[in-house]
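Each chain, letter by letter, is given below.
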Amino acid sequence: MTFVVGSDPEGQEMMQGDWVRLAAPFQLPACPDEPVSDVVIISQTCDVVQKTRKCILIAPIAQASEDDYREAARGKRPLLLAFPAQDDAPVVLLEHATSVPKTLLADALLVRRMSCEPASRAARDFARRVGAAYSRFPMPDEAIPALSKFTDRIRKEAPRDRSVGRVLKRVREIRVESRNGWSGPTYELRLFLIVDAEWLVAEDMLEGLREDHVVQDGGDGPELKLREACDRVESAGDEVSRAEAWYQVADCLEGLVRPDDVVTRCEVEVISEDDFSYAQYRVSESLNFEAMSGTSVRPEHEW
């Protein structure tokens, strides 16, 4: 469904997250040879509708590969924002966000709306992801080698439809803390795997359940593999067994970290989203896989 959204040059009918098709193609400043017709409004709705604001922030939208879209949807590609799919894989290219006069959107057609309500969960999540893209923590370059095997394994497994990939999809976010600060020259790291509460209940609930829990022989040992630990997460018959399996997943991932002269220590801790405190949030940073990869991902298709 399409209809005119920009007939009011002051932008009264526009909202953050609107995907619109411009009446005339626009030349991006950074890519003058690639005219853009489809863009998404990045400015906050409260700024869009203010008559005193004459400009608006937009970014082009393009079709991505299934893998790139999946990673964007999971927040692994901060400069690619996954737009709700309808038999397609659209991503917003924040790398090319630019400010334009509101009049540029006059007679634009609405292609798709992120949300019909500016205060809905989808709208708030979109605003949060836009903000996060521009406030990512710059992991010190010298700390990256020690974590490379850890991050490479997660990048490799996360898109796959097998136990490791499915279990990693239950991790809401990975955050990193340096116990001795980020001023260097050495770092004592702690990585938090923040897990969906439906897959790892809060610790106070586990305490009560452990009293009646019967320990099952799982053949634990130092050679337990990540895939086997993830199999246990999926097959666990009760909350305590699932929690123990998550702790094994954390141990396996910790084994992928290679401490060196810079990262002298690193612990991996799994924690329910219901247990992760604001205090822990303040002293930790979201682990930015894209910044650590040294690569730039572009969609397959033209704009």
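Only a predicted model underlies this, so the values are computations on that prediction, with no experimental measurement involved.

Peer 1: How would you explain the environment of Leu110 if you had to name every residue and give the values?
Peer 2: Position of Leu110 relative to the elements: it lies in strand E7 (residues 109-113). You can call Leu110 buried: its relative accessible area is 4%. Here the alpha-carbon distance between Leu110 and Arg21, two residues 89 residues apart in the chain, equals 6.4 Å.

Peer 1: Outline the pairing of strand E6 (residues 98-101), listing residues and values.
Peer 2: On E6, burial follows the alternation: Thr98 and Val100 on one face are buried, whereas Ser99 and Pro101 on the facing-out side are not. Relative to E6, strand E3 (residues 55-63) runs antiparallel, the two being bridged by four bridges. Bridging from a neighbouring strand, Ile56 pairs with Val100 of E6.

Peer 1: I'd like a rundown of the sheet that holds strand E8 (residues 171-178), residues and numbers included.
Peer 2: Spatially, the four strands line up as an open sheet ordered E10-E9-E8-E11, and their pairing is mixed. Since the sheet does not close on itself, it has two edges, and those belong to strand E10 (263-272) and strand E11 (285-286), each with one partner. Pairing analysis gives seven bridges linking E8 to strand E9 (residues 187-195), with the strands arranged antiparallel. Across the sheet, residue Glu173 finds its bridge partner in E9, namely Ile194. The strands touched by helix H8 (residues 239-254) are E8, E9 and E10; relative to E10, the strand with the most contacts, the crossing angle is about 160°.

Peer 1: How would you sum up the packing of aromatic side chains? Please name residues and give values.
Peer 2: Counted by the stated rule, this structure contains five aromatic pairs. Look at Trp182 and Tyr187: their rings are 5.6 Å apart centre to centre, the planes differ by 40°, and that puts the pair in the tilted class. Aromatic side chains Tyr278 and Tyr281 sit 6.3 Å apart centroid to centroid with 15° between the ring planes, which places their arrangement in the stacked category. Pair noted here: Tyr278 and Tyr281 are both in helix H9 (residues 278-283), with a separation of three residues, about one helical turn. What links up through ring pairs into an aromatic cluster is the set Phe137, Trp182 and Tyr187. A cation sits over an aromatic face here: Arg242 above Trp199, 5.2 Å from the ring centre.

Peer 1: Describe the confidence of the model for the protein chain, and please don't skip the residues or the numbers.
Peer 2: Per-residue pLDDT for the protein chain averages 84, and the proportion of residues at 70 or more is 85%. Long-range and interchain partners of residues 213-223, a stretch whose pLDDT sits below 50, account for nine contacts in this model, where long-range means more than four residues apart. Scored below 50 in pLDDT, residues 293-303 shows 30 contacts in the model against residues more than four places distant or in partner chains.

Peer 1: Could you give me a rundown of the packing of helix H7 (residues 226-235) against H8, with the residues and numbers involved?
Peer 2: Closest axis-to-axis distance for the H7/H8 pair is 8 Å, and the angle between their directions is 160°. Put simply, H7 runs roughly antiparallel to H8. For the element pair H7 and H8, the recorded crossing hand is left-handed. Contact residues: Leu226, Ala229, Cys230, Arg232 and Val233 in H7; Arg242, Ala245, Trp246, Gln248, Val249, Cys252 and Leu253 in H8.

Criteria and thresholds
Residues numbered from 1 in each chain as written. Predicted model: local features only at pLDDT ≥ 70, side-chain atom pairs only at ≥ 80, totals over all residues. Heavy atoms only, no water. Helix = DSSP H or I, 4+ residues; strand = E, 2+ residues; numbered from the N terminus. Buried < 20%, exposed > 50% of the residue type's maximum accessible area, 1.4 Å probe, protein only. Pairing = 2+ DSSP bridges. Contact = heavy atoms within 4.5 Å. Axes fitted to C-alpha atoms, helices over the stretch in contact; angles between N-to-C directions. Phe/Tyr/Trp six-rings, centres within 6.5 Å; stacked < 30°, edge-to-face > 60°. Lys NZ or Arg CZ within 6 Å of the ring centre and 35° of its normal. pLDDT = per-residue confidence, 0-100. Parallel < 35°, antiparallel > 145°, perpendicular 65-115°, else oblique. Left-handed = near helix turned anticlockwise from the far one by under 90°.

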